[in-house]
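A look at the structure
Each chain, written out:
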Amino acid sequence: MKTGKVLLLVLILLIALVSPLSTSYAEDAPEGKEETRHSYEGMYLKYDKLRPHFNYYYELLIERHEPALKEEWTLIVQERETLIKKYREMKKEGKLKDADFHNLDEEWNQKHQDVQERFLQAVKERNDDSLKMLLSELIALQKEMNEYLQSVIKNES
């Protein structure tokens, strides 16, 4: 059973890391944006089929390394899905100006990039201690993204 979870985790990791790097994403990139701005968040919001993979991957890691955070993670994901749905409805109705998820402040972008790089390194090294520590940081970043989405929706309503 444990081998099955590990195999599933590896498969999800490969899908999550390889799929977003395909040329289809590069072609969809808006002109003039810095490459560092084409982040996980942009892909996460844009690609409905990719989000469940990321969510499940993180959920498996949380279950393994920080089970106490699972309920918090679940709530964050549920809130994020609700916010994305509301954002898309407002955008479709023309209620949103050109709010862009790449417009987060530079400090958040830098923090996110740093955490993602350290997270990738910890995954590559299978460093359980680092993963455990980084999961808390990832959850904090996800909360901040939810707060940003909420503020965009509130300010444009």
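Summarised in this report is the structure supplied together with it. This structure is a prediction, so every number in the text was calculated from the model and none was measured.

**Side note on the overall build of the protein**
From N to C terminus, the protein includes seven helices and zero strands. Secondary structure elements of the protein, listed N to C terminal, follow the sequence α-α-α-α-α-α-α. If you take every contact in the protein between residues at least 6 apart in sequence, the share linking residues at least 24 apart comes to 70%. Here the protein has roughly 9800 Å² of accessible surface; of this, 55% comes from carbon and sulfur atoms.

**Thoughts on the packing of helix 4 (residues 51–65) against helix 6 (residues 106–125)**
The N-to-C vectors of helix 4 and helix 6 enclose an angle of 65 degrees; their axes lie 14 Å apart at closest approach. Viewed along their axes, helix 4 and helix 6 form a crossing whose handedness is left-handed. From helix 4, Tyr-57, Tyr-58 and Leu-61 reach across to helix 6, where they touch Gln-116, Phe-119 and Val-123. Of the residues in the contact of helix 4 with helix 6, the class split is five nonpolar, one polar and no charged.

**Focus on helix 4**
Over its 15 residues, helix 4 extends 21 Å from the first C-alpha to the last, a length consistent with the 21 Å expected when each residue adds 1.5 Å. For helix 4, the complete set of buried residues consists of Arg-51, Phe-54, Asn-55, Tyr-57, Tyr-58, Leu-60, Leu-61, Ile-62 and His-65.

**Some points on the packing of aromatic side chains**
Overall, the coordinates contain five aromatic pairs when judged by the stated rule. Aromatic pair Tyr-57 and Tyr-58: ring centres 5.6 Å apart, planes at 45 degrees, arrangement tilted. Judged by centre distance (6.2 Å) and plane angle (80 degrees), the ring pair of Tyr-57 and Phe-119 falls under edge-to-face. Taken as a pair, Tyr-57 in helix 4 and Phe-119 in helix 6 lie far apart in primary sequence, 62 residues in all. Across the pair, exposure class does not vary: Tyr-57 and Phe-119 are buried alike. One aromatic cluster is present, formed by Phe-54, Tyr-57, Tyr-58, Trp-73 and Phe-119 through successive ring pairs.

**Quick look at the pattern of salt bridges**
In the structure shown here, the tally under the stated rule is eight salt bridges. The partner of Lys-70 in a salt bridge is Glu-59, with the nearest N and O atoms 3.8 Å apart. Linking Lys-70 in helix 5 (residues 70–92) with Glu-59 in helix 4, this pair joins segments that are eleven residues apart in sequence. Using a relative accessible area of 30% as the deciding quantity, one classes Lys-70 as partly exposed. Of the residues examined, Glu-59 reaches a relative accessible area of 24% and is grouped as partly exposed. Arg-118 is the partner of Glu-137 in a salt bridge, and the nearest nitrogen-oxygen pair spans 2.5 Å.

Cut-off values and rules
- Residues numbered from 1 in each chain as written.
- Predicted model: local features only at pLDDT ≥ 70, side-chain atom pairs only at ≥ 80, totals over all residues.
- Heavy atoms only, no water.
- Helix = DSSP H or I, 4+ residues; strand = E, 2+ residues; numbered from the N terminus.
- Contact = heavy atoms within 4.5 Å.
- Areas by Shrake-Rupley, 256 points an atom, 1.4 Å probe, with all protein chains shown as cover.
- Axes fitted to C-alpha atoms, helices over the stretch in contact; angles between N-to-C directions.
- Left-handed = near helix turned anticlockwise from the far one by under 90°.
- Nonpolar A, V, L, I, M, F, W, Y, C, P; charged D, E, K, R; others polar.
- Expected span 1.5 Å × (residues − 1).
- Buried < 20%, exposed > 50% of the residue type's maximum accessible area, 1.4 Å probe, protein only.
- Phe/Tyr/Trp six-rings, centres within 6.5 Å; stacked < 30°, edge-to-face > 60°.
- Salt bridge = Lys/Arg side-chain N within 4 Å of Asp/Glu carboxyl O.

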